[in-house]
Amino acid sequence: MAGDRSPGVSSRQRFGLLLLAAAAAAAGLCGGVSAVKSPSCHEVRTAFQIRQIGPLKLVPDVPTAESDLQICQHRAPTCCTKKMEENYQTAVRRERTQNIQALNFELKYMIVGHITAFQEAFESLLRFAENHTTSLFETAYRAMAKEAAEPVKELFTDLSLYILGAETTVENAVLRFFDSLFPFVYSRLINPGIIDLSEEYTECLRLTRQDINPFGRYSKEVVTELSKSLWASRMLNQALNMGIEVINTTEHAAITKECSKALVKMQYCPHCQGLTLIRPCMGYCLNVMRGCLASVSELDTQWREYISTLEYLTNEMAGSHDLELALLGIRNSINEAILHAQLNGPQLSATVDKVCGQPQEREAKPSPDNIVQAKNVSETQALTMAHSANLNNKRREFISYMKRSRTFYASVAERLCDGDLVMRDSSTCWNGEDVVESYTSRVVSNGLKAQINNPELKVKGLDPLISHLIDKLHHFNQLDTEKTKLKLERWASRESGSGDGKSEAMESSGDCDDEDGCQGSGDRIHTTDVLKEKKAYSEDRNEPKPTVKKIDTTAATTTTKSSSKHDLAGNVGNLASISSLFIVTALAILWHCLS
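On to the overall build of the chain, then. In terms of regular secondary structure, the chain is built from 22 helices and two strands. Nonlocal contacts in the chain, meaning residues at least 24 apart in sequence, comprise 80% of its contacts between residues at least 6 apart.

So, about the packing of helix 6 (residues 199-212) against helix 15 (residues 345-356). Viewed as axis vectors pointing N to C, helix 6 and helix 15 meet at an angle of 125 degrees, and their least axial separation amounts to 10 Å. Put simply, helix 6 runs oblique to helix 15. As for how helix 6 packs across helix 15, the hand of that crossing is right-handed. In contact with Tyr201, Cys204, Leu205, Thr208 and Ile212 of helix 6, helix 15 contributes Leu348, Thr351, Val352, Val355 and Cys356. Class assignment for the residues of the contact of helix 6 with helix 15 results in eight nonpolar, two polar and no charged.

In this section: the pattern of salt bridges. A side chain with one charge may pair with a side chain of the opposite charge, provided their charged atoms come close. The full count for this structure, using the stated rule, is 16 salt bridges. For Lys220, the salt bridge identified is with Glu171, shortest N-O distance 3.6 Å. Taken together, the residues span a long stretch of sequence, with Lys220 in helix 7 (residues 218-251) and Glu171 in helix 5 (residues 170-190) at a distance of 49 residues. With relative accessibility at 18%, the residue Lys220 sits in the buried group. Under the relative-accessibility criterion, Glu171 is labelled partly exposed at 37%.

A word on the state of the cysteines. The full count for this structure, using the stated rule, is seven disulfides. Covalently, Cys281 is tied to Cys429 through a disulfide, its sulfur atoms 1.9 Å apart. Taking the torsion about the sulfur-sulfur bond, which here is approximately 90 degrees, the covalent link between Cys281 and Cys429 counts as right-handed. With a gap of 148 residues between them, Cys281 in the loop between helix 9 (269-272) and helix 10 (282-292) and Cys429 in strand 1 (residues 429-430) connect regions that are remote in the sequence. By the burial criterion, Cys281 is buried, and Cys429 matches it.

Below, the discussion takes up the packing of helix 12 (residues 300-318) against helix 18 (residues 464-477). The N-to-C vectors of helix 12 and helix 18 enclose an angle of 30 degrees; their axes lie 9 Å apart at closest approach. Considered as vectors, helix 12 and helix 18 are oriented roughly parallel to each other. Helix-helix and strand crossings are classified by hand; for helix 12 and helix 18 the assignment is left-handed. On helix 18, the residues touching Gln302, Trp303, Glu305, Tyr306 and Thr309 of helix 12 are Ile470, Leu473, His474, Phe476 and Asn477.

Here we take up the confidence of the model for the chain. For the chain, per-residue confidence averages 75 on the pLDDT scale, and residues scoring 70 or more make up 67% of the total. Across residues 364-379, where pLDDT falls below 50, the model places 29 contacts with residues more than four positions away in sequence or in other chains. Confidence drops under pLDDT 50 across residues 497-582; counting only partners more than four residues distant or on other chains, this segment forms 52 contacts.

Quick look at unusual backbone geometry now. For Gln52, which is not a glycine, the phi torsion comes out positive at approximately 55 degrees. If you trace the backbone, Gln52 turns up in the loop between helix 2 (42-50) and helix 3 (82-139). Its identity is not glycine, yet Asn213 carries a phi of approximately 50 degrees, on the positive side. Mapped onto the elements of the fold, Asn213 is located in the loop between helix 6 and helix 7.

This part takes up helix 4 (residues 145-163). Its 19 residues give helix 4 an end-to-end C-alpha distance of 27 Å, which sits within 8% of 27 Å, the value for a rise of 1.5 Å per residue. All of the buried residues along helix 4 are Ala145, Ala148, Pro151, Val152, Leu155, Phe156, Asp158, Leu159, Ser160, Tyr162 and Ile163. Residues of helix 4 that are buried make contact with helix 3, helix 5, helix 7, helix 13 (323-328) and helix 14 (330-343). Two residues or fewer after helix 4 comes Gly165, characterised by a positive phi angle close to 105 degrees.

Tallying each qualifying case throughout the model produces 14 aromatic pairs. Chaining the aromatic ring pairs together yields one cluster made of Phe177, Phe178, Phe182, Tyr186 and Phe215. Across the ring face of Tyr162, the terminal group of Arg234 is positioned such that the distance to the ring centre comes to 4.5 Å.

Now for helix 10. Most of helix 10 sits out of view: 10 of its 11 residues are buried. Within the span of helix 10, buried status applies to Gly283, Tyr284, Cys285, Leu286, Asn287, Val288, Met289, Arg290, Gly291 and Cys292.

With that settled, consider the environment of Asn454. Note on placement: Asn454 falls in the loop between strand 2 (435-436) and helix 18. Sequence-wise, Asn454 and Ser441 are 13 residues apart; in three dimensions their C-alpha atoms are separated by 9.3 Å. A distance of 2.8 Å separates a polar side-chain atom of Asn454 from the backbone oxygen of Asn287.

Phe137, Leu159, Leu181, Leu226, Tyr306, Leu327 and Met402 are the most contacted members of the largest nonpolar core, which has 135 residues in total. When residues of this core are assigned to their parent elements, the largest contribution, 18 residues, is made by helix 3. Those residues in contact with Leu327 that lie beyond four places of it in its chain are Leu125, Leu126, Ala129, Leu159, Leu226 and Leu230.

Turning next to the environment of Pro214. Tracing the sequence through the fold places Pro214 in the loop between helix 6 and helix 7. When its relative accessible area of 1% is taken as the criterion, Pro214 is described as buried. Through-space distance from the C-alpha of Pro214 to that of His340 is 7.4 Å; in sequence the pair is 126 residues apart. Pro214 has contacts with Phe182, Arg209, His340, Ala341 and Leu348, leaving out every residue within four places of it along the chain.

How each quantity is defined
Residues numbered from 1 in each chain as written. Predicted model: local features only at pLDDT ≥ 70, side-chain atom pairs only at ≥ 80, totals over all residues. Heavy atoms only, no water. Helix = DSSP H or I, 4+ residues; strand = E, 2+ residues; numbered from the N terminus. Contact = heavy atoms within 4.5 Å. Axes fitted to C-alpha atoms, helices over the stretch in contact; angles between N-to-C directions. Parallel < 35°, antiparallel > 145°, perpendicular 65-115°, else oblique. Left-handed = near helix turned anticlockwise from the far one by under 90°. Nonpolar A, V, L, I, M, F, W, Y, C, P; charged D, E, K, R; others polar. Salt bridge = Lys/Arg side-chain N within 4 Å of Asp/Glu carboxyl O. Buried < 20%, exposed > 50% of the residue type's maximum accessible area, 1.4 Å probe, protein only. Disulfide = S-S within 2.5 Å. pLDDT = per-residue confidence, 0-100. Expected span 1.5 Å × (residues − 1). Phe/Tyr/Trp six-rings, centres within 6.5 Å; stacked < 30°, edge-to-face > 60°. Lys NZ or Arg CZ within 6 Å of the ring centre and 35° of its normal. Polar contact = N/O pair within 3.5 Å; in protein donor to acceptor, adjacent residues only side chain to side chain. Core = buried A, V, L, I, M, F, W, Y, C linked by side-chain atoms within 4.5 Å.

Shown next, in the form of structure tokens:
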């Protein structure tokens, strides 16, 4: 009996266990169904907090049937509200600016760093050139060293301001320096006996310098040499500041409502469905970014030209218009100018006495400072090379980097989408409406005109701020006009320098080049040699010079006018015959007169 009951109890126990298991499974199934029917917005709330989009109280705990959404409109319940959309728009504006700043950082750092480096190099070079020039007066013209210190300081201050973009000219700075220098040269070197150098007399000497030009061609030569070199430095400094202005303007360019809505739809509308990890499709991102940055991409043409302008200016500074040599050459030019004034001291004194009167004088003792040729400083060449190497290294490093940024504004949209913004190595992505395997709409190219066919947003027109910036860049890039103007100024300085009545003013200034189209000094030497040969030939033949020269010139002129290209050889023979006839006639007349 006992053996029969034991199996019965065991069966009942097994049956009870089966019932409990079925109940537990049913309970678990019901709980799972309940969990599916009650989704949460926890992940959306987390993302909202991490990205600092706004207060967490704006995010609902569970999806709701929100009906007043303007951007992220979906039929299913959503974790977004209208207030959240407004905060999303603020967030995409902030993020867009931060992303552009991140792209610009390296470029901006490079330009700002080189502005500082160039300015420090300029200031160092100017200080050295100023000390180098001051040493001229301390060694060769000690009698006026104290008085000359202030004009020298003012000259280099003016040149520094010119390089930094002040509204002044090299010519004004240099001529003002020589105006201030002349009273001291006249009273300390030309007429060292003057003891009454009143303000009125000093001002008269300053004004007289402009008329009598005591320093000859040298003052104009300083203007010409410095104008060539400092112009490139000034323009390079302006170019660097222009680059910073372009970067700052693009970083803070206004974002249209259409753009901000498109960015919210691309970046945050998936969150409303709880899809916080999904990323936009590449084509979708490019369309949105190219539409938002359509105005910025219009900078591409002028930015490329701007890089070419930078390259031109750096080559100008490192080439024939070398800044270092021009600044360090001021010392020698001033010395030559002072020597010229001393050598022409008597004529200058006579002219000054007529204009300014005769000041009170004491008996002058011979001064060892009078007409002293200043010696060249031996270390000048080494220091010049050191400064040149320093600046040239900075130029090469800078222009090498800037060349790589030539296509910067043509590729901003691509660079933004190539970051963490889009989905990579995934079979699905967000297309603005749903999660898909690929983006099927048309992808437009860069530029304002291409946005007509952009399926993601409408672009109304060019941003006025960017338009103004493009005009400024275009105006700055027109260096051909500035180069032409500079050459005209150089010609004007040559012509105005010829009015001092001195034969040396007619000599070559050493500043002529092939581009200017002017005749070199070699042509004048050749002409002089030809005239000398004619004179020697005439003297050896004992011919009457005026008569022979006059007849020969007339004959040559007549022959030239009547000649033709096809009878050149015959005319040369006729010219020789006519010349011989006139020579014989002249000799006969001379013999008749002597007899």
